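# Breakdown of the fold
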Amino acid sequence: MAHLFTLHRLGFASLLLLGTVAAYSAPGKTSWLSTFSQSPQGAYIIGSPAAPAKVVEYMSYTCGHCANFESKEAPLLKSHYVSTGKASFEIRNFVLNPVDLTAAMLARCGGKARFFGNHKHLLATQKTWITNADKISAATDAKLRAADYQGYMTGVYIETGLSTIMQQRGITVAQGKACLADKAAFNFVVNMSDEGDGLGVKGTPTFMVNGRVDSDIHDFQTLKGKIPAN
């Protein structure tokens, strides 16, 4: 857990500043956008498992550039490459702070079938719940300092309004708390972040195409130039 709990980016100042591959659903005749799978590392993937181009995004839920990519650039990637089977798109966590950790855990509620909808909704409502970070109580902060991560995340879930936001996705308060208590999911998120450190990821979003990290990719225009022609 070196990445998650020892790096400076998990300090309160930054907070306030702001397996086995799972079975996948059968593709439709004209689109792979309803096909979801899970990597051995626990990341979720949309698109054909046999796609010749494997696009990976290392992202943070408290990253404004990640929210912008999801709303403006990801739809272009999906329509031009993922839907046609030319590329798959995988989301990996690169946790920047404890509130980000909470959102990353909540995004996984419901598994691969719900992930991409949760992911989009959390980023679309990002400004609302990040603004509410100043409402995190002293009691919740104390749980983080005591390394009670589940207790801390549960406090953040309620106090920032993330519970209300997840209810908009059909996830009850109790279901959300259960997702925050999922130790396997916690380990997936932490390990993905550690893996990103090992690959040289420095910030978010950072993209990887066919196993190669490329810091020059910032949007769809720069991304499509890195995708091999089929």
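Everything numeric in this text was worked out from a predicted model, so none of it was measured. (Residues numbered from 1 in each chain as written. Predicted model: local features only at pLDDT ≥ 70, side-chain atom pairs only at ≥ 80, totals over all residues. Heavy atoms only, no water.)

## Quick notes on the packing of helix H4 (residues 98-107) against helix H10 (residues 173-180)
At a closest axis distance of 8 Å, the pairing of H4 and H10 adopts a crossing angle of 110 degrees. Between H4 and H10, the angle is such that the two are roughly perpendicular. Both H4 and H10 take part in a crossing whose hand is right-handed. Touching Thr102, Met105 and Leu106 of H4 are Gly176, Cys179 and Leu180, all from H10. (Axes fitted to C-alpha atoms, helices over the stretch in contact; angles between N-to-C directions. Helix = DSSP H or I, 4+ residues; strand = E, 2+ residues; numbered from the N terminus. Parallel < 35°, antiparallel > 145°, perpendicular 65-115°, else oblique. Left-handed = near helix turned anticlockwise from the far one by under 90°. Contact = heavy atoms within 4.5 Å.)

## Quick word on the confidence of the model for the protein
Here the protein shows a mean pLDDT of 90. Residues at 70 or above account for 87%. Note on residues 5-29: pLDDT under 50 across the span, and 59 contacts to partners over four residues away in sequence or across chains. (pLDDT = per-residue confidence, 0-100.)

## Observations concerning the state of the cysteines
What the rule picks out here adds up to 1 disulfide. Each sulfur in the disulfide pair cysteine 109 and cysteine 179 lies 2.1 Å from the other. Of this pair, cysteine 109 sits in the loop between H4 and helix H5 (112-124) while cysteine 179 sits in helix H10, placing them 70 residues apart in sequence. Assigned by exposure class, cysteine 109 and cysteine 179 land together as buried. (Disulfide = S-S within 2.5 Å. Buried < 20%, exposed > 50% of the residue type's maximum accessible area, 1.4 Å probe, protein only.)

## Looking at the packing of aromatic side chains
Summed over the entire model, instances satisfying the criterion amount to 7 aromatic pairs. Arranged with centres 5.8 Å apart and planes meeting at 25 degrees, the rings of phenylalanine 36 and phenylalanine 116 form a pair that is stacked. Remark: phenylalanine 116 occurs in helix H5 and phenylalanine 36 occurs in strand E1 (residues 36-38); sequence separation between them is 80 residues. Assessed through its relative accessible area of 17%, phenylalanine 36 is described here as buried. A residue is classified by how much of its surface remains accessible, and phenylalanine 116, at 9% relative accessible area, is buried. For the ring pair phenylalanine 69 and phenylalanine 207, a centre distance of 4.7 Å and an interplane angle of 50 degrees mean the geometry is tilted. A residue pair is termed long-range when its members are at least 10 positions apart, and phenylalanine 69 in helix H3 (residues 64-82) and phenylalanine 207 in strand E5 (residues 206-209) qualify at 138 residues. Among the aromatic residues, those joined into a cluster by ring pairs are Phe36, Tyr44, Phe115 and Phe116. (Phe/Tyr/Trp six-rings, centres within 6.5 Å; stacked < 30°, edge-to-face > 60°.)

## Some remarks on the environment of cysteine 66
By the secondary structure assignment, cysteine 66 is in helix H3. With 138 residues separating them in the primary sequence, cysteine 66 and threonine 204 have C-alpha atoms 6.7 Å apart. If we ignore the near neighbours within four places in the chain, the residues touching cysteine 66 are Glu57, Met59, Ser60, Leu123, Thr204 and Pro205.

## A short note on the side chain of glutamate 90
Relative to the helices and strands, glutamate 90 is located in strand E4 (residues 87-93). According to the relative accessible area criterion, glutamate 90 is buried, its value standing at 9%. A polar contact is formed between the side chain of glutamate 90 and the side chain of arginine 92, at a distance of 2.8 Å. (Polar contact = N/O pair within 3.5 Å; in protein donor to acceptor, adjacent residues only side chain to side chain.)

## With respect to the pattern of salt bridges
Taken as a whole and assessed by the stated rule, the structure comprises 3 salt bridges. With a closest N to O distance of 3.2 Å, glutamate 195 and arginine 92 form a salt bridge. Residue glutamate 195 is found in helix H11 (residues 183-199), and its partner arginine 92 is found in strand E4; the two are separated by 103 residues along the sequence. Assessed through its relative accessible area of 28%, glutamate 195 is described here as partly exposed. With its nearest N and O atoms 3.2 Å apart, the salt bridge here joins aspartate 214 to lysine 226. Of this pair, aspartate 214 sits in strand E6 (residues 212-214) while lysine 226 sits in the segment after helix H12 (220-224), and the two are 12 residues apart along the sequence. Looking at aspartate 214, the relative accessible area reads 16%, which means it is buried. Looking at lysine 226, the relative accessible area reads 36%, which means it is partly exposed. Members of the salt-bridge network, linked through shared partners, are Glu90, Arg92 and Glu195. (Salt bridge = Lys/Arg side-chain N within 4 Å of Asp/Glu carboxyl O.)

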